[in-house]
Amino acid sequence: METGKFFHNLMERKDFETWLDNISVTFLSLTDLQKNETLDHLISLSGAVQLRHLSNNLETLLKRDFLKLLPLELSFYLLKWLDPQTLLTCCLVSKQWNKVISACTEVWQTACKNLGWQIDDSVQDALHWKKVYLKAILRMKQLEDHEAFETSSLIGHSARVYALYYKDGLLCTVFSVDYNDELDILVSGSADFTVKVWALSAGTCLNTLTGHTEWVTKVVLQKCKVKSLLHSPGDYILLSADKYEIKIWPIGREINCKCLKTLSVSEDRSICLQPRLHFDGKYIVCSSALGLYQWDFASYDILRVIRTPEMANLALLGFGDVFALLFDNRYLYILDLRTESLMSRWPLPEYRKSKRGSSFLAGEASWLNGLDGHNDTGLVFATSMPDHSIHLVLWKEHG
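Before going into details, it helps to say that this report is about the structure given with it. (Residues numbered from 1 in each chain as written. Predicted model: local features only at pLDDT ≥ 70, side-chain atom pairs only at ≥ 80, totals over all residues. Heavy atoms only, no water.)

Notes on the overall build of the chain
Counting secondary structure elements, the chain contains nine helices and 22 strands. Within the chain, the fraction of its 399 residues that count as buried is 41%. Contacts spanning at least 24 positions in sequence make up 49% of the contacts within the chain whose residues lie at least 6 apart. As displayed, the chain has an accessible area near 22500 Å², and 55% of this comes from carbon and sulfur atoms. (Helix = DSSP H or I, 4+ residues; strand = E, 2+ residues; numbered from the N terminus. Buried < 20%, exposed > 50% of the residue type's maximum accessible area, 1.4 Å probe, protein only. Contact = heavy atoms within 4.5 Å. Areas by Shrake-Rupley, 256 points an atom, 1.4 Å probe, with all protein chains shown as cover.)

So this is what it looks like as structure tokens:
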């Protein structure tokens, strides 16, 4: 009797499966509207058990982990459309999501570049760039909150420090100078309107360059990186600046040289130059009473003038591809060159002003071309103080 009942139920199951196959074929042939009406009708006929079953299965279907199911390349493509902050939130969904998102190198490299950070494409570690981004976002927030620096002092001088000079990690208290070991030459600006060229090893004066009509407040000795009618890549160039003009001199094995070009921002000398000068072999940059001027060294044409109310009378300390460093009587400023806006500032103490303009200077400058997580350390700014000490502004260590 029990055996007969088992086979009777089995036949019913087969009949049900046949009916289900037939109705499935019919259901698939319906339009979307007809399918919806069919489902609505079935739901209206369902009891509590069926509705609970439907709810449980719908939840599973609607919460399917698409990121886990997609091929990795397609996941990376989709992730590129999300902003970094959203991606960081997505990393909290699950360990699998965190693993996939963290390994999306292109997304995090792009995010770092957008923050003005330098990218080393040789780094192969897939998880490296998310860590770099987190480090970058922290540093940029410190800059925006004016909390990226700290201060210190050097004590030991017994008399006034007239000027400071920084190069290769060394801070020197000397006059306005620059030097080149290869040429064995040191150049200096003077209050007698001249530029002197010295034999670095012997300490003897080789030549005195004349033509300035004001104190020479800045000299820069740099190798040229562009070609023009007046110079070629690899030539050594000397720039000297006074209150109104920037003079360009060829410096090489031949010490006796004539001025190649004189630059100014106003022919009638109505606009003063700040006693700061930047030259990297490709561009000359100087601040003035009106704003920041950038010249192309190949053509000597003015490429760019950044004029904002906040920029008036700010002195230039450093200029790069991404940032510029400036200061006035009260603050040290960081200018974002991409937006031409001041993004951060740091208070400065009352320092001794010098007409020569060389009692304050910038420290490490590679970060001006973009932060990379390693170059935001050490000295940012130094200035001599009335008590004969040297006031230092330093990068804070990463939190």
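Let's talk about unusual backbone geometry
Note: most residues except glycine have negative phi, and most peptide bonds are trans. Positioned with a positive phi, Tyr 300 is a non-glycine residue whose angle comes to about 65°. Note that Tyr 300 resides in the loop between strand S14 (292–296) and strand S15 (302–306). The backbone phi angle of Glu 340 is positive, close to 55°, even though this residue is not glycine. With respect to the helices and strands, the residue Glu 340 is situated in the loop between strand S18 (331–336) and strand S19 (341–347). What makes Glu 340 partly exposed here is its relative accessible area of 31%.

Quick notes on helix H8 (residues 105–114)
All of the buried residues along H8 are Val 107, Trp 108, Gln 109, Ala 111 and Cys 112. Close packing links the buried residues of H8 with helix H5 (72–79), helix H6 (84–90), helix H7 (95–102) and helix H9 (128–144).

Side note on the environment of Tyr 77
Within the fold, Tyr 77 resides in helix H5. On a C-alpha basis, the gap between Tyr 77 and Glu 106 in space is 9.6 Å, while along the polypeptide they are 29 residues apart.

Some thoughts on the sheet that holds strand S1 (residues 149–154)
A sheet is described by the order of its strands in space; here four strands give the open sequence S1-S22-S21-S20, paired in antiparallel fashion. Across the chains shown, the open sheet's two edge strands, defined by having one partner strand only, are S1 and strand S20 (360–362). Neighbour to neighbour, the strand axes of the sheet diverge by 15° on average, direction disregarded. (Pairing = 2+ DSSP bridges. Axes fitted to C-alpha atoms, helices over the stretch in contact; angles between N-to-C directions.)

Here we look at the packing of aromatic side chains
Summed over all chains, the structure comprises twelve aromatic pairs. On the basis of an interplanar angle of 45° and a centroid distance of 5.4 Å, the ring pair of Trp 108 and Tyr 133 is categorised as tilted. Of this pair, Trp 108 sits in helix H8 while Tyr 133 sits in helix H9, and the two are 25 residues apart along the sequence. When the centroid spacing of 5.6 Å and the interplanar angle of 90° are considered together, the rings of Phe 297 and Tyr 300 count as edge-to-face. Across the pair, Tyr 300 and Phe 297 agree in class, each one buried. Members of the aromatic cluster, joined through ring pairs, are Phe 149, Phe 323, Trp 346, Trp 367 and Trp 395. The ring of Tyr 331 carries Arg 345 above its face, with NZ or CZ at 4.2 Å from the centroid. (Phe/Tyr/Trp six-rings, centres within 6.5 Å; stacked < 30°, edge-to-face > 60°. Lys NZ or Arg CZ within 6 Å of the ring centre and 35° of its normal.)

Considering the pattern of salt bridges
This structure, assessed with the given rule, holds eight salt bridges. The salt bridge involving Glu 17 is made with Arg 13; its shortest N-O contact spans 3.3 Å. Remark: Arg 13 and Glu 17 occur in helix H1 (residues 2–28); sequence separation between them is four residues, near one turn of the helix. Residue class for Glu 17 comes out partly exposed when judged on its relative accessible area of 37%. Glu 106 serves as the salt-bridge partner of Lys 80, at 3.8 Å between the closest nitrogen and oxygen. One end of the pair, Lys 80, is in the loop between H5 and H6; the other, Glu 106, is in helix H8, with 26 residues separating them in the sequence. Residue class for Lys 80 comes out partly exposed when judged on its relative accessible area of 39%. (Salt bridge = Lys/Arg side-chain N within 4 Å of Asp/Glu carboxyl O.)

Quick look at the sheet that holds strand S17 (residues 323–327)
Spatial strand order, S16-S17-S18-S19: four strands in an open sheet with antiparallel pairing. Each of the sheet's edge strands pairs with one partner strand only, and the pair in question is strand S16 (315–319) and S19. Across the sheet, the axes of successive neighbouring strands diverge by a mean angle of 25°, strand direction being ignored. Pairing between S17 and S18: five bridges, direction antiparallel. For Leu 325, the partnering residue across the bridge sits in S18 and is Ile 334. On top of the sheet, H9 reaches S17, S18 and S19; it is set at about 75° to S19, its chief contact.

A few points about a nonpolar patch on the surface
A cluster of nonpolar residues, Leu 39, Leu 42, Ile 43, Leu 45, Leu 51, Leu 54 and Leu 58, forms a patch on the protein surface that exposes about 600 Å² of accessible area. Contributing elements (two or more residues each) for the nonpolar patch: helix H2 (32–45) and helix H3 (48–62). Broken down by element, the nonpolar patch gets its largest block of residues, four residues, from H2. When you line up the elements, Leu 42 lands in helix H2. (Patch = residues over 30% accessible without salt bridge, like charges linked within 9 Å, V, L, I, M, F, W, Y side chains within 5 Å.)

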